[in-house]
Amino acid sequence: MNKRLFSAFLSACCLASVSAVMPDAEIDSRVSDLLGRMTLDEKIGQLNQLSGYGYAPDMVGRIRSGAVGSLLNETDPEVVNQLQREAVENSRLGIPLIFARDVIHGFKTIFPIPLGQAASWNPDIVREGARIAADEASSVGIRWTFSPMVDISRDARWGRIAESFGEDPVLSAKLGVAMVEGYQGDDLASPNAMAACAKHFAGYGASESGKDYNTTWIPETLLRDVYLRPFKELVKAGSATFMCSFNDINGVPSSGNRVLLEDILRGEWGYDGMMVSDWGSIEQMIPHGYSADLRQAASQAVNAGVDMDMESHAYTGHLRHLVESGEVSEARVDSLVRNVLTLKYRLGLFENPYVDMASSRRFYAPSSLDAARRAVEESAILLKNTGTLPLNNSKVKKIAVIGPMADAQHDQAGTWVFDLEKERSVTPLTALQQMYGKENVIYAPGLEHTRDLDTKGFANAVKAARKADVVLFFAGEEAVLSGEAHCRADLSLPGAQSRLLAELKNVGKPVVMIVQAGRQLAIMPESEMADAVVYCFHGGTMTGPALANLLSGEANFSGRCPVSFPRMSGQEPLYYNHKNTGRPASGITLINDIETEAGQTSTGCTSYFLDAGDGAFYPFGYGLSYTTFEYGEPVLSATSIAPDGSLKVSCTVTNTGNREGAEVAQLYIRDHVASLVRPVRELRDFAKITLKPGESRTLEFTITPADLEFHVNGAQTVVEPGEFSVWIAPNAAEGTPAKFTVVKPNDLAAK
Ligand code: GLC
């Protein structure tokens, strides 16, 4: 039997032996046995994660001595196996390494950024993308990804909103769970499964003023009602790991926050997975002003429950002395090591530590590219359409393709794509040329990149517009303008894009603006200029074919806003589930409508901006289609329930247009009067349904106490008697509410 065949045979045997999930009791027993044989240094080594590239002698030495538990960023399967062999065959106890990577929205086949996937409102699409990412990444030895990020993000200035599922905890939770399911599959020990990582725990999205790494002030009731909600669902979904966040919450950095990492996560929620720090976040407690030095930071992190130290070198530098001095017990160290070893057993690494080279580098399968295209088709949002779309083939012969994002193979992939091969990206220009013929597509970028202020390319762009029947203006942000440490105080289109659009508009042809960005931008002026507006949060590899299908009408739009779009940057933070205040906006007088020498109270005294008015320009949940939908009145199974009761609410949705389309029906509630004021609306569920022309479907949702409760004191929640509204609506700004009452139990009994 030749070597290759034997290797395949061996792998098949391994797979067969590994695919049987090892019972927890068996894992516990093996971990206890191993722990009993480990030296203190070997235990500390398991808590150490390093970034490693290549088969470097010093790294090999560390691995052989048992000083490394995990490596991140090595993605050459041959090198992964070489390094793994050092751990398994050349260290005293042969404990395998876990290889990790930030696989955030695809490994090689790049899907839309998570904010884009959120715009699909489709857990199946998210799960499918994560499964594909896991298969591609595990084929080079990556068995742990630092994803999904479920930080609730209410501020578009924050660059990391790109990695989030947006501003709502229920949408984020459902999609985060789907991503965990996709990565981990049915059997975490399967060689093509990856451990998920719920991050960044917690409250990172509340970074003050949308500036990354900034402090957060989050009252515990808000923390639990909004920011912790998705993480709690990811514990239930079985996320194998968590990552603590860089930020402090009310003065306590998460890497040293025992209440958060132990009392809530493990004590209240029963989490039994592994907690990794963020990159250097233990050491960063020194500049935070929470630790005097790395030794104290190490002690605080161990006691808070940070199992693995990513690149602070705090544990390898100080844990031995902390144990020897009695400041930290070896039993405490054992409890952290247990979590690390348990993860390695759950991943099947002891039985199957190596990449099967016979099936490595599984990238770009046609089915994966098809899924990536469908993900963009379901994520792109039609924000405005005065009839220009879909492109009418009988009228549209020549198409002008203009703008810095029309042919941006690198930038259309978005942030966090370390393994991108940009030449695999299919751009809108390429796809439109393939669809309509190169001779019918006139391309003039107009600007070299999105920040470009040089207008030398405008003349050619205007010339192209003059020759065309329709102008497709591809605007937006380069990938580098969002993501970690990439925050923007001004959310308008960068560079001279707006000026270019104005010049194109003056030509007099219909103009469609297609925005590709890593966040919601303040595009009110441009939206008013364009005849149609499409929004595509950086879509990844197959952005081009998907947008071509949508613009031509081959496919229909079904994306809905996962965030609230501002009229102006200064409105941020902006989110739909806001409080009503004592003076909700009314009688808005905008700045240009104010009389000179107007009296102090002439513009009213309610909550709005003189220049921006109030509310979102495009609201949460909003999106258009090539068809139309109508919602019937909501029907309740009861108009009063006890605080522990449930009720059903149904509504008939009809496709009133002339083509098939998908609609996202959204269930919102409002608690009108409570001991702590409640938001004007809160999403509690949704359903994405496809209807043929004229087809109606009656949707039914169940409202339970979990949908009505809110936190009042620590983990304590209440459902308070009083009036509630419920909507089944197309977005957070529309719909007809129905009313019901939560009554005191004895009132109900009396009825
Ligand atoms: C980064 C990010 C985190 C990422 C980690 C490893 O700084 O905060 O999201 O997973 O380091 O790259």
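Residues numbered from 1 in each chain as written. Predicted model: local features only at pLDDT ≥ 70, side-chain atom pairs only at ≥ 80, totals over all residues. Heavy atoms only, no water.

**Overview of the overall build of the protein chain**
Along the backbone of the protein chain there are 23 helices and 27 strands. By the burial criterion, 60% of the 751 residues in the protein chain qualify as buried. The long-range fraction of contacts in the protein chain, counting pairs at least 24 apart against all pairs at least 6 apart in sequence, stands at 77%. Here the protein chain displays about 27,500 Å² of accessible surface, and carbon together with sulfur accounts for 51% of that area. (Helix = DSSP H or I, 4+ residues; strand = E, 2+ residues; numbered from the N terminus. Buried < 20%, exposed > 50% of the residue type's maximum accessible area, 1.4 Å probe, protein only. Contact = heavy atoms within 4.5 Å. Areas by Shrake-Rupley, 256 points an atom, 1.4 Å probe, with all protein chains shown as cover.)

**Here's the deal with the packing of aromatic side chains**
All chains considered together, the criterion is met by 25 aromatic pairs. An aromatic cluster of three or more residues is present, and its members are Y535, F537, F565, F617, Y618 and Y622. A cation sits over an aromatic face here: K108 above F107, 5.7 Å from the ring centre. A cation over an aromatic ring shows up here: K199 above the ring of W416, its NZ or CZ 5.4 Å from the ring centre. (Phe/Tyr/Trp six-rings, centres within 6.5 Å; stacked < 30°, edge-to-face > 60°. Lys NZ or Arg CZ within 6 Å of the ring centre and 35° of its normal.)

**As for helix α4 (residues 57–64)**
All of the buried residues in α4 are M59, V60 and I63. All buried residues of α4 lie within an arc of 100° about the axis, which places them on one face of the element. Of the residues in α4, the exposed ones pointing more than 90 degrees away from the buried face are P57 and D58. In this structure, the buried side of α4 is in contact with β1 (48–51), β2 (70–72) and α5 (77–90). Of the residues flanking the end of α4, it is G66, one or two places downstream, whose phi is positive at about 80°. (Arc of directions from axis to C-beta.)

**Considerations on the domain arrangement of the protein chain**
Here the protein chain is described as being made up of domain 1 (3–23 + 105–359), domain 2 (370–552), domain 3 (581–615) and domain 4 (629–750). Each of domain 1 and domain 2 has a C-alpha centre, and these two points are 35 Å apart. On the domain 2 side, the residues contacting the 30 residues of domain 1 number 34 residues. Of the roughly 2,500 Å² buried between domain 1 and domain 2, counting both surfaces, carbon and sulfur atoms make up 59%. Two residues, E421 and K108, come together in a salt bridge whose shortest N-O distance is 3.9 Å. Here domain 1 is connected to domain 2 by 15 residue pairs in polar contact (both at pLDDT 80 or more). (Domains from an automatic or database assignment. Buried area = accessible area lost by both parts, 1.4 Å probe. Salt bridge = Lys/Arg side-chain N within 4 Å of Asp/Glu carboxyl O. Polar contact = N/O pair within 3.5 Å; in protein donor to acceptor, adjacent residues only side chain to side chain.)

**Focus on the sheet that holds strand β10 (residues 309–310)**
Strands sit in the order β4-β3-β2-β1-β10 across an open sheet of five strands; the sheet is parallel. Of all the strands in the sheet, just β4 (144–145) and β10 have a single pairing partner and so form its edges. (Pairing = 2+ DSSP bridges.)

**Describing the pattern of salt bridges**
Summed over the entire model, instances satisfying the criterion amount to 47 salt bridges. E351 is paired through a salt bridge with R30; the nearest N and O atoms lie 3.0 Å apart. With E351 in the loop between α15 (330–346) and α16 (366–379) and R30 in helix α2 (residues 24–37), this residue pair connects regions lying 321 residues apart in the sequence. The partly exposed category is assigned to E351, whose relative accessible area is 29%. By relative accessible area, R30 is classed as partly exposed at 31%. Salt-bridge contacts for D155 lead to R157; the nearest nitrogen and oxygen are separated by 2.5 Å. One connected set of salt bridges, linked through shared partners, spans E128, D370, R373, R374 and E377.

**Quick look at the state of the cysteines**
Applying the stated criterion across every chain yields a total of zero disulfides. With no disulfide of its own, C536 lies 13 Å from the sulfur of C561, the closest cysteine sulfur. (Disulfide = S-S within 2.5 Å.)

**Observations regarding helix α13 (residues 294–304)**
Of all the 11 residues making up α13, eight are buried; the element is thus mostly covered by neighbouring parts of the structure. Every buried residue of α13 is accounted for by L294, A297, A298, S299, Q300, A301, V302 and A304. Residues of α13 that are buried make contact with α11 (258–268), α12 (285–288), α14 (314–324) and α15. Two or three places before R295, at the opening of α13, D293 has a side-chain oxygen 3.2 Å from that residue's backbone nitrogen.

**Notes on the side chain of D452**
Topologically, D452 is positioned in the loop between β13 (441–444) and α18 (458–467). Despite its burial, D452 pairs with no opposite charge; the closest candidate is K456, at 5.0 Å N-O. A polar side-chain atom of D452 sits 2.8 Å from the main-chain amide nitrogen of E448. A distance of 2.9 Å separates a polar side-chain atom of D452 from the backbone nitrogen of D454. Beyond its immediate chain neighbours, meaning those up to four positions away, D452 contacts L447, G495 and A496. (Lys, Arg positive; Asp, Glu negative; His and termini not counted.)

**Considerations on the pairing of strand β6 (residues 241–244)**
The side-chain alternation of β6 yields two buried faces, one formed by T241 and M243 and the other by F242 and C244. Taken together, the three bridges between strand β5 (residues 197–201) and β6 define a ladder with parallel strand orientation. Paired with F201 across the bridge in β6 is C244.

**Comments concerning the packing of helix α9 (residues 220–227) against helix α10 (residues 229–236)**
A pair of packed helices can be characterised by two numbers: the angle between their axes and the separation between those axes. Running from N to C, α9 and α10 point in directions that differ by 50°, and their axes come no closer than 5 Å. Between α9 and α10, the angle is such that the two are oblique. Only R229, P230 and F231 of α10 make contact with α9, whose side of the interface consists of R224, D225, V226 and Y227. Here the contact of α9 with α10 is built from residues that sort into four nonpolar, no polar and three charged. (Axes fitted to C-alpha atoms, helices over the stretch in contact; angles between N-to-C directions. Parallel < 35°, antiparallel > 145°, perpendicular 65-115°, else oblique. Nonpolar A, V, L, I, M, F, W, Y, C, P; charged D, E, K, R; others polar.)

**Brief notes about the site of the ligand**
Near the ligand, the surroundings consist of D102, F146, R160, K199, H200, M243, F246, D278, W279, M310, W416 and E484. With respect to the ligand, the side chain of D102 contributes an N or O atom lying 2.5 Å from an oxygen atom. Between the ligand and E484, the relevant distance is 3.0 Å, taken from an oxygen atom to a side-chain nitrogen or oxygen of the residue. Burial of the ligand by the surrounding chains reaches 93%, relative to a free accessible area of 310 Å². (Near = heavy atom within 4 Å.)

**Overview of the nonpolar core**
Within the largest apolar cluster, 118 residues are counted, with the highest numbers of intra-cluster contacts made by W144, F201 and Y315. The greatest single-element share of this core, amounting to eight residues, is contributed by helix α8 (residues 169–184). Those residues in contact with F201 that lie beyond four places of it in its chain are L228, F231, F242, M243, C244, S245, S254, L260, L261, L265, W269 and M275. Grouped together as the second largest cluster of nonpolar side chains are 41 residues, L383, F458, I523 and V563 included. (Core = buried A, V, L, I, M, F, W, Y, C linked by side-chain atoms within 4.5 Å.)

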